[in-house]
Amino acid sequence: MIEQKCKLDFLLGIDVGLTGTKLGCGEGGCGACTVMISYFDEQSKRSVHHAINACLAPLYSVEGMHVITVEGIGNSQHGLHPIQESLAQAHGSQCGFCTPGFVMSMYALLRSSGEPPTEEQIEESLAGNLCRCTGYRPILDAFRVFAKTDDLLYTKTSLESNSAGELICPSSGKPCSCGKGTANRRDDSVCVKQYSPVLYNKIDGSLFVEKELIFPPELILRKNMPLCLHGFGGVKWYRPLKLQHVLDLKSRYPDAKLVVGNTEVGIETKFKNAQYQVLISVTHVPELNILSMNENGLDIGASVRLTLLQQFLRKVIMQHPVEETSSSKAILRQLKWFAGNQIKNVASIGGNICTASPISDLNPLWMAAGAIMRIMNCKGNVRTIPAKEFFLGYRKVDLANDEVLLSVFLPWTRSLEFVKEFKQAHRREDDIALVNAGMRVLLKQDCGSWEVSDVSIIYGGVAAVSLIASKTESFLIKKKWDNNLLQGALKILQEDIVLTEDAPGGMIEFRKSLILSFFFKFFSWVTNEMYEKGSFNEGLHGKHLSAIQAYSRPQTSGIQSYDLTRHETAVGQPAIHLSSKLQVTGEAEYIDDMPHPPQALHAALVLSKRAHARILSIDDTMAKSSPGFVGLFLYRDIPGSNKIGVILKDEELFASEIVTCVGQVVGVVVADTHDNAKIASNKVHIEYEDLPAILSIREAVRSCSFYPNTERWLMKGDVELCFKSGECDKIIEGEVQVGGQEHFYLEPNSSLIWPVDGGNEVHMVSSTQCPQYHQECVAHVLGLPLAKVVCKTKRIGGGFGGKESRSAFIAAAASVPSYLLRRPVKIILDRDTDMMITGQRHSFLGKYKVGFTTAGEVLALDLQLYNNGGNSIDLSLAVLERAMFHSDNVYDVPNMRVRGQVCYTNFPSNTAFRGFGGPQGMLIAENWIQRIAMELQRSPEEIRELNFHNEGSMLHYGMLLQSCTLSQLWDELKTSCDFVKARAIVNHFNVHNRWRKRGVAMVPTKFGISFTTKHMNQAGALVQVYTDGTVLVTHGGVEMGQGLHTKVAQIAASAFNIPLSSVFISDTSTDKVPNASPTAASASSDLYGAAVLDACEQIKARMQCIAATKTHSSFAELVRACYLERIDLSAHGFYITPNIGFNWKVGKGTPFNYFTYGAAFAEVEIDTLTGDFYTREADIIMDLGHSLNPAIDVGQIEGAFVQGLGWIALEELKWGDADHKWIRPGHLYTSGPGTYKIPTANDIPVKFKVSLLKGVQNPKAIHSSKAVGEPPFFLASAVLFAIKDAIVAARAEEGYHDWFPLDNPATPERIRMACIDDFTKQVASHNFHPKLSV
Ligand SMILES: Cc1cc2nc3c(=O)[nH]c(=O)nc-3n(C[C@H](O)[C@H](O)[C@H](O)COP(=O)(O)OP(=O)(O)OC[C@H]3O[C@@H](n4cnc5c(N)ncnc54)[C@H](O)[C@@H]3O)c2cc1C
Ligand code: FES
Ligand code: FES
């Protein structure tokens, strides 16, 4: 045995100077930390490769293995790996923080497949990787070139037609309709950028040997050794190689924790403060890794990893008679929806079983399938126990301290024995179940009728343990399999499984309905199976087959259509993101990748645990004795001012007497390491006296808890008069709740701050959209002049508004110890802390009264808006104002009054998020439009079209609408999606399917471009031309993945008529370009592009006298000549947006420079019994004028749409409020990827088409382009309204035709509960409204 002293660290925590592997969440939920491990498998005599999450992998779990990180497969110096190259070329990397993880997942898939993978395998392999920027389509396209296909077209990149005359789309290599179907397609329009597919043999590790890292031969020869490692604090880690050794250790250390994949133990130790003194890794014990079959069934060793089980079951199913493998199939199907591959590659069945989680996906199936657990004690005695009896309580199994689980025996199913799995989660992929189930029945014929001879009905997610529906089981025995049985069972199930009102997890009505829906599905499925086997004469009625159709998603395909309007200049070209090649190799540096300066300390925040309370005392005794502790700093230590705020200084950097939300910063601890700082900060003990807290908009409105001077109004016409005039045939009133959204940028907030010249100056690098505000905030807190504080930002791993203002207090907190101790301090927030304290998209409450004619014309709208500001005003007033500006969306309402007010609540301050209130205002508008349509029994699209603004419309804030391309876009979209046909096909589908419904919707948008605060519409830039002809540009904007630097470089390259490769963009820095506004409001390319152009033009004007001699054969020669003539080759450019301004006193003005328009079509399908849905198609058209870079703009549209899809359908913030009593007051339950579900690659539209309107100009912005970042976000609401359309069809089946509310996000809970049927009626009233934290 090898004995060693070591640190039992996680693989990701090891500092070996590599920057590629990123820490996005630390809990196995984002895939940013994906690496590949390889080892030699003694049995198969081959090397095995797979992707794992480095954040959960204990360092010593990879002992004897080959670990490959993204750096190992290619780099910019020696050449990119084809996967990296393809991803960069396909525009699959925006902010780049997720990118190495995607590369490594794909790499591991290719290395582990014996042959090229299928497209389905590729999509599946990415289930554990999240990207917040791209919308996934370009990533899938980039990787699709490695897929297996029989289609020879894959090996070509031609845009030509194939022999059948079909146009070949180079993104998929398959025939596509992008040319034919698109209206007005011209010869110079392209559907996508071309890139070369790669032959599999180039990357499979055999033929690509020159560059490919081969499996180290010494690891083939090396024999595994037992390990015994001693960590700090007496922790012991054993890795025995024999079962007997495990038993010996267990008898020596009865409390020892067995560990396999560490996906459960790792979470317990990292997030739940669990501490284990002795850990026994049983990954290498042969007896626990058996996978065998005999005449009775399968033996599956406890350490068997889930992916191996999948492979084994696939083989078993192929080799065995169908009737024997019903259980195997059910387990295999369930495993498809079990975590991402990185988790399944290490997680074991024993780990899943012994954790005994109430939401384990497999335990209900083991129980239902009649599996038997084999257990061995330290003396070597073996006992068996049925799975049904093994689970004793919450995370408790029938295992004594001296016992280990050896294996699970899964019996073959018998003839006419059926086993079925069920799982409903928030998100289909990589999510834990809300309710799951395993069900089994054996039918036998008795006197001509089919009776239940044996049955098991087990539910997960409904109690502390997987629950046996024993009364239902007893009821079912000997019953005839018919409708009476179904009805009887549904009744008894409700007695069997009782969910109390305050049950953890909430969603009681939904979970109860799932219990019934699942059984109904099981009944229907078995009936159908019996019919198909010829045992039943009658099967399901055709329409009811939809109850059992399994979700199946074809592979995603994307079409992008745009004109290439400018030729031979960099502007207008679909150039790839300037940093993408560094991002795909992991060479691009973010704050966490920067080397620690000498003497650097790490900071962790001391946070309030109460929503509203008086601080009685702060005790730091325990913290002070914590390892590595250096100091605790509180409000009284602040050298300058404790009052901060981006507009109003209404917040305290460190709470002094009162805390006003959970997560408010009370102080900061610094220590030698990040972990030690965290540990010490958790040991600071604070005594509180609770005060009443306001935890929702409604509570705020009830108690008039508004921010002072935030009451706003806008008016057009006379609303009251119109309501009274009798012109309106109908007047309706209603409310719309709009849910918030977490930014979920992949790179958490981070800053590194260091004193210069003994603290006379302070410098920092920060992940922020606004270095200027970091500079200001830190200077203010430290009492330094602005000129002595510098903030730099090279790139950030996503921002989306979340790092506009709410990143500064984090830097400021860390600046205090840095300044006082005169030492560098680094602060990186953990994902859960970041989500908990930095604020989100504002939730809104809208109350409307709308009057309209029977023809559908809207005559008057009276609207009251409230947004949830949280505990400081931050940007909430500006967010409210933008919501008010956008509350007409695209509709011309002659009489309109919009009032708004910002609510003060005891939540962390809400803040900017893509769209900045605009989407909330527009969503409320689309709600009343949709309601009018339902009142009039007309389609919402008709009502929309009828009320469109036209050229020259006067908006409700006194701005004239000019160059309005709305109708043109709308008409093109109608043609492109063939709306009439789509509607007819959907209607036909709905008539023939009772339990699955489809819906369609078309939604328009108009988004105002400019900061609505006038002075912010200014921009500076510095352009420096060097004597070799290269150009360095520094401007005030921040690159956060949106391609700003690329567009700006294109503008500079075009201005000087030089190649794009000659232009470089420097870090954004407050000492180069001062007083820069945040990179926000979509306007940065307009602003900084124009400022850069101004600087270039100045330099060009100076060079003109030399250039006019025309004696220079290159730009470099010209520059050199100018230099020799002592011409200044550096210029500062400046730009202000002209003719804008708004006067809130009169509610009139021109807040926007122009509008970006768009429209989207969506088609969805829902499962009315579970609330599951998927987007079958999205077709988006946007007017972006003459795009500066159409590929980047398409990327922004796709990314915004998918992020919007998260907002409207997936991402629910759950706060401890009156509606969520099971969460502690003011706490955020959804504070990590485990509970908060952003879209995965599996959630994007199956057919995803993006077109840019052709032949349109925009004289108001640089090079006739238009801003793009925020405008497409709202278009995802087409998905919400398509879902609603589908629900309308479902409700009509039950005779419900009235309007009903559907809040965003339209989660499975909301969809399911809106689809009223016999099952929902048993658990809730027909107008049940699921709870939402707003
Ligand atoms: C991101 C993520 C996603 C997840 N998704 C899902 C999901 O979709 N569905 C789901 O059901 N679960 C899910 N899980 C939970 C978890 O991954 C599984 O339960 C996994 O199978 C645990 O296996 P492991 O080998 O990693 O367990 P470990 O963490 O290594 O061990 C877990 C427990 O099992 C005990 N144990 C292990 N082997 C034995 C043995 N032979 N005898 C006695 N005790 C033993 C250990 O002592 C420990 O208490 C997820 C977890 C993460 C982090
Ligand atoms: S950092 Fe490891 S999965 Fe997120
Ligand atoms: S590029 Fe994927 S998270 Fe930014």
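The structure we're discussing is the one just above.
Residues numbered from 1 in each chain as written. Chains lettered and ligands numbered in written order. Predicted model: local features only at pLDDT ≥ 70, side-chain atom pairs only at ≥ 80, totals over all residues. Heavy atoms only, no water.

**A closer look at the packing of aromatic side chains**
Let me state the cut-off plainly: Note on ring pairs: Phe, Tyr and Trp rings are taken, using the six-membered ring of Trp, and paired if centres are within 6.5 Å. Classes follow the plane angle, with under 30 degrees stacked, over 60 edge-to-face and the rest tilted. Secondary structure is summarised from DSSP: a helix means a run of H or I of at least four residues, a strand means a run of E of at least two, and numbering begins at the N terminus for each. Buried residues are those whose accessible area, probed at 1.4 Å on protein chains only, stays under 20% of the maximum for their type, while exposed residues exceed 50% and partly exposed ones sit between those limits. In this scheme, the term charge over a ring applies when either NZ of a lysine or CZ of an arginine sits within 6 Å of the ring centre and within 35 degrees of the ring normal.
Counting across every chain of the model gives 36 aromatic pairs. Ring geometry for Trp 481 and Phe 523: centres 5.1 Å apart, planes at 25 degrees, overall stacked. Here Phe 523 lies in helix H16 (residues 508-532) and Trp 481 lies in the loop between helix H14 (470-476) and helix H15 (483-496), a separation of 42 residues in the sequence. Judged on exposure class, the residue Trp 481 and its partner Phe 523 are both buried. Ring centres of Phe 1155 and Tyr 1157 lie 6.3 Å apart, and the angle between their planes is 45 degrees; on these two criteria the pair is classed as tilted. Across the ring face of Tyr 819, the terminal group of Arg 822 is positioned such that the distance to the ring centre comes to 4.8 Å.

**A look at the site of ligand 1**
The criterion, for reference: Neighbouring residues are identified by heavy atoms, a residue being near a molecule or strand if any of them is within 4 Å of it. For this analysis, a polar contact is any N or O atom pair within 3.5 Å, provided that within protein one partner can donate a hydrogen and the other can accept it, and provided that sequence-adjacent residues contribute only side-chain to side-chain pairs. For every accessible area listed, the method is Shrake-Rupley and the probe measures 1.4 Å; residues are considered covered only by the protein chains on display.
Taken together, the neighbourhood of ligand 1 is formed by 31 residues, with Leu 258, Val 260, Thr 263, Ser 348 and Asp 361 sitting nearest. For ligand 1, an oxygen atom lies 3.2 Å from a polar atom in the backbone of Ala 339. Within the side chain of Ser 348, one N or O atom sits 2.7 Å away from an oxygen atom of ligand 1. Isolated, ligand 1 exposes 980 Å² of accessible area, and the fraction of that covered by the protein chains is 92%. Looking at the shell around ligand 1, the elements that each hand over two or more residues are strand S10 (257-259), helix H11 (349-355) and strand S18 (403-411).

**Some remarks on the pattern of salt bridges**
Pairs may arise between side chains of opposite charge once their charged atoms sit close together. Going by this rule: Salt bridge, as used here: a side-chain nitrogen of Lys or Arg that lies within 4 Å of a carboxyl oxygen of Asp or Glu.
Inspection of the entire model under this criterion finds 69 salt bridges. Between Glu 501 and Lys 1331 there is a salt bridge; the shortest N-O distance is 3.5 Å. Taken together, the residues span a long stretch of sequence, with Glu 501 in the loop between H15 and H16 and Lys 1331 in the segment after helix H36 (1318-1321) at a distance of 830 residues. Relative accessible area serves as the criterion here: at 54%, Glu 501 is assigned to the exposed category. Exposure remark for Lys 1331: the relative accessible area of 33% places this residue in the partly exposed category. Residue Arg 1310 pairs with Glu 1212 through a salt bridge whose shortest N-O separation is 3.1 Å. Of this pair, Arg 1310 sits in helix H35 (residues 1308-1314) while Glu 1212 sits in the loop between helix H33 (1190-1210) and strand S51 (1247-1252), and the two are 98 residues apart along the sequence. Residues Arg 1310 and Glu 1212 agree in their burial class; the two are buried. One network of salt bridges, with partners in common, ties together Lys 521, Arg 996, Arg 998, Glu 1163, Glu 1165, Asp 1167 and Arg 1176.

**Things to note about a nonpolar patch on the surface**
For clarity, the threshold we go by: In this analysis, a patch consists of residues with relative accessible area above 30% that form no salt bridge, clustered at 9 Å for like charges and at 5 Å for the nonpolar side chains Val, Leu, Ile, Met, Phe, Trp and Tyr.
A cluster of nonpolar residues, Val 630, Leu 820 and Leu 821, forms a patch on the protein surface that exposes about 200 Å² of accessible area. As for its position among the elements, Leu 821 is in helix H23 (residues 808-821).

**Points about the sheet that holds strand S20 (residues 433-446)**
As a reminder, the rule being used: By the convention used here, strands pair only if DSSP detects at least 2 bridges between them. We call two residues in contact when some of their heavy atoms are within 4.5 Å. To get an axis, a line is fitted to the C-alpha atoms, and for a helix only the part in contact is used. The angle between two axes follows their N-to-C directions and goes from 0 to 180 degrees.
Here 4 strands make up an open sheet; going across it, the order is S19-S20-S21-S22 and the pairing antiparallel. Among the strands making up the open sheet, the edge pair consists of strand S19 (417-425) and strand S22 (467-468). By the bridge criterion, 9 bridges tie S19 to S20 in an arrangement that is antiparallel. Each bridged residue has a counterpart across the sheet, and for Glu 421 the counterpart in S20 is Gly 438. Along the sheet face, helix H9 (residues 326-336) touches S19 and S20 and points at about 10 degrees away from the line of S19.

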